[in-house]
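Below are the chains, spelled out letter by letter.
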Amino acid sequence: MALPQDGPWLDEAAGRLVRPYTVSGGRTRPTTALDLMSLVMSTGTRPLGHLGPEHSDVLGLCEAPTSVAEVAGQLRLPAVVTKVLLSDLVDCGALTTRAPDYFHPTDRSLLEAVLDGLRRRL
C-alpha cells in the first residue's frame, strides 16, 4: 500500500483511493465551455489561492497546447471532473483555452495517419 508521503491518490492494488467527485469538490459542471477536443495551455500565471494536487498536475501537462481528452487520460480522471479542474485554472488565469482546429474527416492523409497510429498501438 502507498505511504501517505507517496501520495494518497493512487494505490497499486486498490487503484484510485480518492473518488473523482472529491477531486472536483463535488462539482459536476465546469464554468468554462470545453469539449474533449478543446485545447488548453498554461499562461505562466500561478494561481493565487490554494488548489489541489491535480491542478498542479494539469499545469505541468499543459505547458504546450493539449486537448481536454489528453489531460483526462493523463490524469486518469473522468472527462467531466477534468473539465471542472481545467475551468478552475481558466477562471484564475492560469490556463487559456481555444476551440479545436476543425478538420475535414474526408482528408485521406489524416485518416491514414490515424489508422497507422492505431495499428502501432495494437
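Residues numbered from 1 in each chain as written. Predicted model: local features only at pLDDT ≥ 70, side-chain atom pairs only at ≥ 80, totals over all residues. Heavy atoms only, no water.

**A word on the confidence of the model for the protein chain**
On average, residues of the protein chain carry a pLDDT of 78, and 73% of them reach 70 or more. When the criterion is pLDDT under 50, residues 1-8 qualifies, and its contacts beyond four places in sequence or with other chains add up to six contacts. (pLDDT = per-residue confidence, 0-100. Contact = heavy atoms within 4.5 Å.)

**A short note on the pattern of salt bridges**
Evaluation of the coordinates by the stated rule reveals two salt bridges. For the salt bridge of Arg 108 with Glu 112, the shortest nitrogen-to-oxygen distance reads 2.9 Å. Note that Arg 108 and Glu 112 are positioned in helix 5 (residues 108-121) at a spacing of four residues, about one turn of the helix. Assessed through its relative accessible area of 38%, Glu 112 is described here as partly exposed. For Asp 116, the salt bridge identified is with Arg 119, shortest N-O distance 4.0 Å. One end of the pair, Asp 116, and the other, Arg 119, are both in helix 5, three residues apart, so they sit about a helical turn from each other. Taking relative accessible area as the criterion, Arg 119 reaches 55% and is therefore assigned exposed. (Salt bridge = Lys/Arg side-chain N within 4 Å of Asp/Glu carboxyl O. Helix = DSSP H or I, 4+ residues; strand = E, 2+ residues; numbered from the N terminus. Buried < 20%, exposed > 50% of the residue type's maximum accessible area, 1.4 Å probe, protein only.)

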